[in-house]
Amino acid sequence: MTPQAKIEILQHLIQIPSVNDHEAQVADYIASLFAPYPQAQIEKVTYAPGRDNLVVTIGQDGPQLGLCGHMDVVAAGDESAWQHAPFAGEVVGDQLFGRGASDMKSGLAAIVITMLEFLEQGTSLPGSIRLLATVGEETGEYGAAQLTDAGYADQLAGLVIAEPSGLDNVVYTARGVIDYKVVSTGKGVHSAQPEKGINAIDNLMKFYNAVGPVMAKHTKTDPVLGSLLHNVDLISGGEQVNSIPAHAELMANMRTIPAYPNQVIYDELEALIAQLNQEPGVQLDLSYSFPEEAIPGDPNAPLVQLAKQISDQICGHETKVVGSGGANDGAEFLRAKADFTSIEIGPGSNTSHQVDEYISIKEYLQAIEFYEALVPAFLKQTQATVHN
């Protein structure tokens with residue numbers, strides 16, 4: 001495949017506005033690229049109307065390496081603020097612009113092209129590759145959760161997620177995430193007679209004032225990821241200035257570390273809610289949004305070190321083995337029956353989620369070269385380990 005053909009595939013992906021939805025259009029396009037190859041096993045797994053995960057498997061018996069990328073992107077925001085239209089895939093010099101150019105349609109395109117070139121060239125692999133193209137990563141990793149529950153990761157020997165770490169970083173460990181909401185229900189009355197009502201904001205603030213000290217007790221620090229993070233980011237309540245509020249709510253975001261599994265946090269939040277609900281007039285309800293566990297990882301795992309070695313060779317730089325403050329699909333896939341290492345390495349820039357997001361074309365093409373070297377090397381290494 002020519003470099004121009006590889007660029008055009010990425011442009012086509014960016015031109016599909018899969019903003020927190022519509023991933024089926026991306027899945028259909030990628031599936032069409034594999035359609036000429038009868039040896040490619042193509043499966044669509046529907047999450048919701050217009051939202052299909054895509055699983056493509058090639059190769060033969062032996063160890064299986066997963067290559068993962070998500071098909072959704074975040075909103076472009078005010079499109080008039082963009083100098084380059086967010087869904088055009090415009091090329092200027094070495095830069096290709098568009099929403100998802102960095103996060104993460106360049107990584108997705110690179111792993112797709114890697115598999116296509118193996119098919120095109122008739123490459124004999126010592127095992128198989130499974131593309132796991134997911135929906136809903138930006139809003140909760142629920143595509144990865146669905147594929148994991150359906151068993152698509154149960155045979156993996158390793159997983160490479162093409163998130164935009166940059167090719168000079170191999171991410172082996174990552175924070176988890178807990179988004180939670182607390183809803184306070186009171187009783188609305190005229191503010192001249194507050195004794196007849198229940199102020200939902202007052203009761204919500206009891207939780208707000210108590211939860212900080214509870215979370216501050218978690219003093220362990222991960223040497224790579226740092227400490228547990230807890231931030232209340234949204235608060236709303238009340239209807240008008242002369243009415244006692246009957247409803248108030250807050251939302252908080254937590255970034256967890258392996259030392260504190262999510263269940264520890266759930267137990268503490270639920271105990272605090274139960275304690276406050278014992279007070280007269282207090283009615284607090286707690287819910288979670290797509291929580292993810294932290295990924296402990298091992299910096300010396302064979303897949304981590306192999307990725308570092310190959311990136312060093314192909315890109316001519318010193319590749320760092322690092323952790324990530326953000327969650328990724330690996331947190332879901334690691335729930336599978338298989339015991340495997342998940343890493344994150346892919347092309348990217350520091351413009352993810354920003355206006356005029358872009359990717360370096362040179363880095364994008366290097367990423368394809370990197371994956372094409374990593375896949376057979378890992379399968380061969382793993383097969384040799386099994387036979388020994």
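Going by the structure above, here's the rest.
Predicted, not measured: the structure shown is a model, and the values here were computed from it. Here the residue index of a chain counts from 1 through its sequence in written order. Since the coordinates come from a predicted model, pLDDT governs what is reported: local features require at least 70, and pairs of side-chain atoms require 80 or more to be given and counted, while whole-chain, interface and lining totals use all residues. Hydrogen atoms and water are omitted, and side-chain values are computed over all heavy atoms in the structure.

As for the overall build of the chain
- Starting at the N terminus, helices and strands are each numbered in turn, a helix being any DSSP run of H or I of at least four residues and a strand any DSSP run of E of at least two. When its secondary structure is counted, the chain shows 9 helices and 17 strands.
- For the chain, the C-alpha radius of gyration of 23 Å lies close to 21 Å, the compact-globule estimate for 388 residues.
- With the principal axes as the frame, the chain shows a C-alpha extent of 80 × 50 × 35 Å.
- Categorising residues by exposure relies on relative accessible area from a 1.4 Å probe, with only protein chains included: less than 20% of the type maximum marks a residue as buried, more than 50% marks it as exposed, and the intermediate range marks it as partly exposed. Within the span of the chain, comprising 388 residues, buried residues form 52% of the whole.
- A sequence separation of at least 24 residues applies to 80% of the contacts in the chain between residues at least 6 apart.
- Values of accessible area rely on a 1.4 Å probe in the Shrake-Rupley scheme; residue burial ignores everything except the protein chains shown. About 16200 Å² of surface is accessible on the chain, with carbon and sulfur atoms providing 50% of the total.
- Between the mean site of the 20 positive side-chain charges and the mean site of the 48 negative ones, the chain shows a separation of 5 Å. Each radius of gyration reported is based on C-alpha atoms, and the globular scaling rule is 2.2 Å times the count of residues to the power 0.38. What makes two residues a contact is simply this: any of their non-hydrogen atoms within 4.5 Å. The charged-residue count follows a simple rule in which Lys and Arg add positive charge and Asp and Glu add negative charge, with His and chain termini not counted at all. Here the site of a charge means atom NZ of a Lys, CZ of an Arg, CG of an Asp or CD of a Glu.

Quick look at the sheet that holds strand β13 (residues 247-256)
- Paired strands, as defined in this entry, are two strands with at least two bridges between them according to DSSP. The 4 strands are arranged β12-β13-β9-β14 in an open sheet whose pairing can be described as antiparallel. In this open sheet, the two edge strands, each paired with only one partner strand, are β12 (229-237) and β14 (284-292). Looking at each pair of strands side by side, their axes are set apart by 15° on average, direction ignored.
- Sheet topology places strand β9 (residues 176-185) next to β14; 7 bridges connect them, and they run antiparallel. Counterpart to K181 in the pairing with β14 is S287.
- Simply put, an axis is a line fit to the C-alpha atoms, just over the touching stretch for a helix, and the angle between two N-to-C directions goes from 0 to 180 degrees. Where helix α5 (residues 200-216) meets the sheet, it contacts β9, β12, β13 and β14, and its direction lies at approximately 15° from that of β13.

Some remarks on the side chain of T256
- If you trace the backbone, T256 turns up in strand β13.
- With a relative accessible area of 0%, T256 lands in the buried category.
- Here a polar contact is taken to be a pair of N or O atoms separated by no more than 3.5 Å, where protein atoms must pair a possible hydrogen donor with a possible acceptor and residues adjacent in sequence count only if both atoms sit in side chains. A distance of 3.2 Å separates polar atoms of two side chains, one belonging to T256 and the other to N262.
- Among residues more than four places away in sequence, those in contact with T256 are R175, G176, V177, I178, L228, N262, E292 and A294.

Examining the environment of S227
- Assignment of secondary structure puts S227 in strand β11 (residues 226-227).
- Separated by 59 residues in the primary sequence, S227 and D168 have C-alpha atoms spaced 24 Å apart.
- For S227, the residues in contact, after removing those within four places along its chain, are R175, K220, T221, R255 and I257.

Structural notes on the sheet that holds strand β17 (residues 358-360)
- Ordered by their spatial adjacency, 3 strands build an open sheet running β4-β5-β17, and the pairing between neighbours is antiparallel. Of all the strands in the sheet, just β4 (91-92) and β17 have a single pairing partner and so form its edges.
- Taken together, the 2 bridges between β4 and strand β5 (residues 95-97) define a ladder with antiparallel strand orientation. Considered in β5, the bridge of V91 is made with L96.

Side note on unusual backbone geometry
- Cis peptide bonds are those with omega within 30 degrees of zero, and the linkage from D103 to M104 qualifies with -10°.
- When you line up the elements, M104 lands in the loop between β5 and α3 (105-121).
- Even without glycine at this site, H22 takes up a positive phi of about 60°.
- In this structure, H22 sits in the loop between α1 (3-14) and α2 (23-34).
- Classification of H22 as partly exposed rests on a relative accessible area of 39%.
- Non-glycine residue H353 carries a positive phi angle of around 70°.
- With respect to the helices and strands, H353 occurs in the loop between β16 (341-344) and β17.

Some remarks on the packing of α1 against α3
- At a closest axis distance of 9 Å, the pairing of α1 and α3 adopts a crossing angle of 135°. Our classification of the angle between α1 and α3 gives oblique. Once α1 is placed against α3, the crossing between them reads as right-handed. Residue-level contacts link K6, I9, L10, L13 and I14 of α1 to K105, S106, A109, I113 and E117 of α3. Orientation labels follow simple angle bins: below 35 degrees gives roughly parallel, above 145 gives roughly antiparallel, 65 to 115 gives roughly perpendicular, and whatever is left gives oblique. Two helices that cross are described as forming a left-handed crossing if the nearer one is turned anticlockwise from the farther one by less than a right angle, and a right-handed crossing if clockwise.

Quick look at the packing of aromatic side chains
- Each Phe, Tyr or Trp ring (for Trp, its six-membered ring) is paired with any other whose centre lies within 6.5 Å, and the angle between the two planes then decides the class: stacked below 30 degrees, edge-to-face above 60, tilted in between. Enumeration according to the criterion identifies 5 aromatic pairs in this entry.
- Between Y47 and Y142, the ring centres sit 4.7 Å apart and the planes meet at 25°, which makes this aromatic pair stacked. In this pair, Y47 is assigned in strand β1 (residues 41-48) and Y142 in helix α4 (residues 142-149), connecting sequence segments 95 residues apart.
- According to the relative accessible area criterion, Y142 is buried, its value standing at 11%.
- A ring pair is formed by Y180 and F207, whose centres lie 6.1 Å apart and whose planes are at 80°; its orientation type is edge-to-face. With Y180 in strand β9 and F207 in helix α5, the pair connects residues that are 27 residues apart, well separated along the chain.

With respect to the pairing of β13
- By the criterion of burial, β13 is predominantly enclosed, with 7 of the 10 residues buried.
- Alignment of β9 against β13, held across 10 bridges, turns out to be antiparallel. Across the sheet, residue I178 finds its bridge partner in β13, namely M254.
- Relative to β13, β12 is paired through 8 bridges, and the arrangement is antiparallel. Pairing of L229 across the sheet is with R255, part of β13.

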